[in-house]
Amino acid sequence: MGWRHRSVIDLDGWTRDEFLFFLDQSRQMENVMDRPVKKVPALRGKMCVNLFFENSTRTRVSFELAEKMLSADVVNWSASGSSTAKGETMRDTAWTLESMGADIVVMRHGAVGAAQYLASKLKRGIVLNAGDGTHAHPTQALLDVYTAWKHYGDLEGRKIALIGDVLHSRVARSDVIAFRTMGCEVVLSGPPTLMPREVEDLGVAYEREPRDAVKGADMVYLLRIQRERQQEGLFPSVDEYHRWWGADEELMKRAKPGALAMHPGPINRGVEIASEVADGHQSVILEQVRSGVATRMALLYLCGGGAR
Amino acid sequence: MMKFLFKNFKIFNGKEFIKEECLLTEEGKISRVGSALECEGAETVEGNGRLLTPGFIDLHAHFRDPGGEWNEDLQSGARAGAAGGFTTLVAMPNTKPAISEPALIEYVISHGAAARAARILPAGCVSKGRGGKEICEMEKMSEAGAVFFTDDGSPIATSHLMRLALLYTGKKLPRVMEHPEEISLFQGGQVHEGRVSAMSGLKGIPGASEEIDVARGIALVRDTGGRIHFTHLSSAGAVELIRNAKRAGLDVSCDTTFHHLTLNENAVIASGYNSRFKVNPPLRSANDQKALWEGLLDGTIDAIVTDHAPWHLDDKDEPFQEAPFGIASLECAVAVLLDYRARNYPEVPLELLFRKMTSSPAALLPEKWHGLGRIEEGAPADLTVVDEDRTRIVDCSAWKSKARCCPWEGTALTGWPVATFVGGERIWQDEEEL
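What counts as what
- Residues numbered from 1 in each chain as written.
- Chains lettered and ligands numbered in written order.
- Predicted model: local features only at pLDDT ≥ 70, side-chain atom pairs only at ≥ 80, totals over all residues.
- Heavy atoms only, no water.
- Axes fitted to C-alpha atoms, helices over the stretch in contact; angles between N-to-C directions.
- Helix = DSSP H or I, 4+ residues; strand = E, 2+ residues; numbered from the N terminus.
- Parallel < 35°, antiparallel > 145°, perpendicular 65-115°, else oblique.
- Left-handed = near helix turned anticlockwise from the far one by under 90°.
- Contact = heavy atoms within 4.5 Å.
- UniProt positions renumbered as here; feature names shortened; annotations may be inferred.
- Buried < 20%, exposed > 50% of the residue type's maximum accessible area, 1.4 Å probe, protein only.
- Polar contact = N/O pair within 3.5 Å; in protein donor to acceptor, adjacent residues only side chain to side chain.
- Nonpolar A, V, L, I, M, F, W, Y, C, P; charged D, E, K, R; others polar.
- Core = buried A, V, L, I, M, F, W, Y, C linked by side-chain atoms within 4.5 Å.
- Phe/Tyr/Trp six-rings, centres within 6.5 Å; stacked < 30°, edge-to-face > 60°.
- Lys NZ or Arg CZ within 6 Å of the ring centre and 35° of its normal.
- Salt bridge = Lys/Arg side-chain N within 4 Å of Asp/Glu carboxyl O.

1. Concerning the packing of helix H5 (residues 138–152) of chain A against helix H6 (residues 170–181) of chain A
Residue and element names in this part refer to chain A.
- Two numbers describe how H5 lies on H6: the axes approach to 8 Å, and their chain directions differ by 50 degrees. Classified by the interaxial angle, the pair formed by H5 and H6 is oblique. Note that H5 runs across H6; the crossing there is right-handed. Of H6, the residues touching H5 (which contributes Pro 138, Gln 140, Ala 141, Asp 144, Val 145 and Ala 148) are Val 171, Ser 174, Asp 175, Ala 178 and Phe 179.

2. A short note on the UniProt feature "binding site: L-aspartate" (unreviewed entry) in chain A
All names here are of chain A.
- Per the UniProt entry, the sites bearing "binding site: L-aspartate" (unreviewed entry) are Lys 86, Arg 170 and Arg 224 in this numbering.
- Inspection of the secondary structure puts Arg 170 in helix H6.
- Judged by relative accessible area, Arg 170 falls into the buried class, the value being 14%.
- Ignoring sequence-local partners within four residues, the contact set of Arg 170 consists of Glu 54, Arg 108, His 109, Gly 131, Asp 132, Gly 133, Thr 134, His 135, Ala 136 and His 137.
- Polar side-chain contacts of Arg 170 include one of 3.3 Å to the side chain of Glu 54.

3. Looking at the packing of helix H7 (residues 207–224) of chain B against helix H8 (residues 236–247) of chain B
Residues and elements named next belong to chain B.
- The geometry of H7 relative to H8 is characterised by a closest axis approach of 8 Å and an angle of 15 degrees between their N-to-C directions. Overall, the two elements H7 and H8 adopt an arrangement that is roughly parallel. Here the hand of the crossing between H7 and H8 comes out right-handed. Here Glu 210, Glu 211, Val 214, Ala 215 and Ile 218 of H7 lie close against H8, whose contacting residues are Gly 237, Ala 238, Leu 241, Ile 242 and Ala 245.
- In terms of residue class, the contact of H7 with H8 is made up of seven nonpolar, one polar and two charged.

4. Here's the deal with the nonpolar core
- Ranked by internal contacts, the top residues of the largest apolar core, which has 76 residues, are Val 126, Phe 230, Leu 233, Trp 293 and Phe 354 of chain B.
- For Trp 293 of chain B, the contacting residues outside a window of four places in its chain are Leu 261, Leu 337, Tyr 340, Arg 341, Tyr 345, Val 348 and Leu 353 of chain B.
- Met 69, Ala 141, Met 219 and Leu 299 of chain A belong to the second largest nonpolar core, which has 62 residues in total.

5. Structural notes on the packing of aromatic side chains
- Under the criterion given, the structure shown has 22 aromatic pairs over all chains.
- Measuring from ring centre to ring centre gives 5.3 Å for Trp 3 of chain A and Trp 14 of chain A, while their planes differ by 85 degrees; the resulting arrangement is edge-to-face. Within this pair, whereas Trp 3 of chain A is found in the segment before helix H1 (16–33), its partner Trp 14 of chain A is found in the segment before H1, the two being separated by 11 residues in sequence.
- Through a chain of ring-to-ring contacts, three or more aromatic side chains come together here, namely Phe 12, Phe 17, Phe 56, Phe 86, Phe 258 and Phe 354 of chain B.
- Between Arg 392 of chain B and the ring centre of Trp 416 of chain B, over which it is positioned, the NZ or CZ distance is 4.1 Å.

6. A word on the interface of chain A and chain B
- Contacts between chain A and chain B engage 21 residues on the former and 19 residues on the latter.
- Joining chain A to chain B, the criterion identifies four salt bridges.
- Ionic pairing is found between Asp 314 of chain B and Arg 91 of chain A, a salt bridge with its closest N-O pair at 2.2 Å.
- Summed over the shared surface of chain A and chain B, the number is eight residue pairs in polar contact (both at pLDDT 80 or more).
- Residue assignment for the side of chain A that touches chain B shows that the elements contributing at least two residues are helix H3 (90–100) and helix H4 (114–121) of chain A.
- Among the elements that make up the side of chain A that touches chain B, the one with the highest residue count is H4 of chain A (four residues).

Now the structure itself:
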């Protein structure tokens, strides 16, 4: 099939067939990772700029590894010390990148809509969203789906429970879209103060009790809890959070036998996840990290013109 | 001064359409309304069946002057108003410095008048420097020409301050105008808390933020016997509170904006979170939007305003979360409403909408200005010609306003003001009319 996406801002509008095509590509890219020489010439001569306005070690390194394995030239641009910190508008940043000849811009930004905005200002360059505020994190969702797909094959009819701070989670929003498109049943759980009010508009169910949410789940996905949310008063204490919504072996037993324990990382042990789950046999957290490189390679390859 | 003889118009007199189709202006006033009028030496304005209304009155516009003239100044704002069919604009006082002393009231009046375009009437602050602590010299500011008292841009900081303001203004001084918002529910908010916040992850502002402040104002009006006007209403709950307060006989009034009537949160989603749809209060749900129309129909909502909030494109053209709140709309607001009504609410009488933009807002101004918003012999000759059939594409690059950020840019709209007269002078005419 042809590939119609250039910039990828979110996963709205991707079809199931597109996901399946993408997953096949990702598997081929993962094969590259296992070679003694981890490099193919797919993006030779292309310039990738990793534009990170927010700290993110793992996503940035994952993209950088993916870009280098595809032989792209890579420039890392962080916000500190950039003109943005000096008051330059993003429009000027976009025009600067274009003038410098950037082919692909990978951007992480704290503002919802920033990636879409950048894409609207670039005439030629491709924008891959590495997270825009609390809105979307499409590559995280792609790697999550890929990880699950490798375990289960067809995901139609599978159930995933996402537990934690959905309100502030770009991962949750993108995962909901991705897993639903793949035919999964998605259930959200977490404190009501960390849940969007009109949660049904996301097309999913909400169960306050995680023990109910994980019943029959094939995947239990723990969302990262940021401690500053407690300072904002959105939940009373880390201990109470862990006791009610944290994933321990007891909770995992209520899911389907062998259900996958997933997490976008970095993990807070003893908060959203207990160590025995994070390090246990059901955990695929490190597999997710590996999937991240493969799926980002696939995305760079497909959007960067490798498939055309 | 020029005399104008308006012939063959369908005339709306501020309340209803009348059978007479001619009107004569002399010495800045409407001298005659009738049929088959003639007048030697008067310039004839041929209506060909188009509409002639009292000039539109906007009770809520921002002009950034003094202190933010890069975005808009009083002259560009007055010209923008004229080009949108408005003859009277109330300037909000949240400028830098804020309009909280008599000399600044005079500044707004004199600089606005220099444009020789729409009449600009200043609102003064409730609190000195908009600091939320002490009430301003309201008697002096009223004498200087203030027509409302408001800390707009923010709600009145404390219930105590609002109570003082209501007691002090009473029935004598201009009305207190309140920007209804409970600050602690707003913090960091970007969009309506509902579908759009769930989908986007942007922080939501619940409708309750507005309702709580409206409830506070109503309670204090009951307590003090004062008068309050709630501006830019957006939520169904607030409409209901005001409906009940009016039924209880309290002197409470309110307005909503052109954009809250014609857009809802779905537009924010559909735009891909474009800052052209970022306003405060936020565009709310389709149900809230419907409640605003119901409020217009049953008389709960007294006026329709623009909340014209001009930003230079360099400031507004940013990712949604980083852009300032507010859109510019003076030059297309009337067309937006007429077009929307024709497509979605044809059962709403045109004269009802015109009332909400003419006689009804005029009645909320100090008594001196009650002659505005009506067509009758002896009233000021503030008039707007409207062509219901004119279709034009919104082109912000041609605007008189310095602002260029508007949700309807590029949209074809039908029903436009085509000429504006203030005090018997033609202050604007559509180029196609010349």
